[in-house]
Amino acid sequence: MKYMMLMQFGPLSGLPSMDTWPPEDIAAHIQFMHDTNKKLVDDGEFVQAEGLADPGQTLIVRSGVDGGPVVTDGPFPETKEFLVGWWIVDLDSPERAVEVAAYVSAAPGPGGRPLNMPIEVRQVMSIEPGEM
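Note that the coordinates shown come from a computational prediction; the quantities given were computed from them, not determined experimentally. (Residues numbered from 1 in each chain as written. Predicted model: local features only at pLDDT ≥ 70, side-chain atom pairs only at ≥ 80, totals over all residues. Heavy atoms only, no water.)

What exactly am I supposed to notice about the environment of Pro22 here?
Here Pro22 lies in the loop between β1 (2-9) and α1 (23-42). A relative accessible area of 32% means that Pro22 is categorised as partly exposed. Between the alpha carbons of Pro22 and Leu6 there is a distance of 25 Å; along the sequence they are 16 residues apart. (Helix = DSSP H or I, 4+ residues; strand = E, 2+ residues; numbered from the N terminus. Buried < 20%, exposed > 50% of the residue type's maximum accessible area, 1.4 Å probe, protein only.)

I keep staring at the pairing of strand β5 (residues 82-90) and nothing clicks. Help me out?
Residues in a regular strand project their side chains so that they alternate between the two faces of the sheet. The sheet contact formed by β1 and β5 spans 8 bridges and is antiparallel. The partner of Met4 across the bridge, within β5, is Ile88. Examined bridge by bridge, strand β2 (residues 46-51) and β5 share 5 bridges and lie antiparallel to one another. Considered in β5, the bridge of Phe46 is made with Val89. (Pairing = 2+ DSSP bridges.)

How should the pairing of β1 be read in this particular structure?
Within β1, 6 of the 8 residues are buried, leaving the element largely enclosed by the surrounding structure. Looking at chain direction, β1 and strand β6 (residues 119-123) are connected through 5 bridges and run antiparallel. The partner of Leu6 across the bridge, within β6, is Glu120.

What should I look at first to understand unusual backbone geometry in this one?
Although it is not a glycine, Asn116 sits at a positive phi angle of roughly 60°. Its location among the elements puts Asn116 in the loop between α2 (94-105) and β6.

I keep staring at a nonpolar patch on the surface and nothing clicks. Help me out?
A contiguous nonpolar surface patch, about 280 Å² in accessible area, is contributed by Leu59, Val61 and Val71. As for its placement among the helices and strands, Val61 is situated in strand β3 (residues 59-62). (Patch = residues over 30% accessible without salt bridge, like charges linked within 9 Å, V, L, I, M, F, W, Y side chains within 5 Å. Areas by Shrake-Rupley, 256 points an atom, 1.4 Å probe, with all protein chains shown as cover. Salt bridge = Lys/Arg side-chain N within 4 Å of Asp/Glu carboxyl O.)

So this is what it looks like as structure tokens:
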């Protein structure tokens with residue numbers, strides 16, 4: 001089963017903004033993520049992972065009513081949490097998905113302390129050939 005694990009961030013998460021961390025703590029955090037991805041690859045569970053740019057660089061695009069796209073800055077000011085990255089993993093069970101998410105949640109933050117980041121786990125929907 002494939003699962004998407006979504007890493008959330010924002011003021012409600014209680015996590016300090018990464019731009020306030022000492023450089024060595026940022027390096028340790030990024031190394032943890034690289035090591036986690038390598039382990040998932042080595043275990044045959046890795047499908048894809050990406051980090052996202054700062055939400056201040058976000059654009060909201062709508063099709064528009066008169067033929068051209070309507071582009072605005074985003075996210076909306078009332079947004080409290082935002083997506084900072086994701087993994088897609090191919091795992092044997094929902095229990096394994098929880099195990100991997102809990103491991104990632106404990107990524108090191110300032111001073112090496114586990115962040116306890118909220119990780120949203122969602123099964124990826126799939127349609128088998130011939131089901132349509």
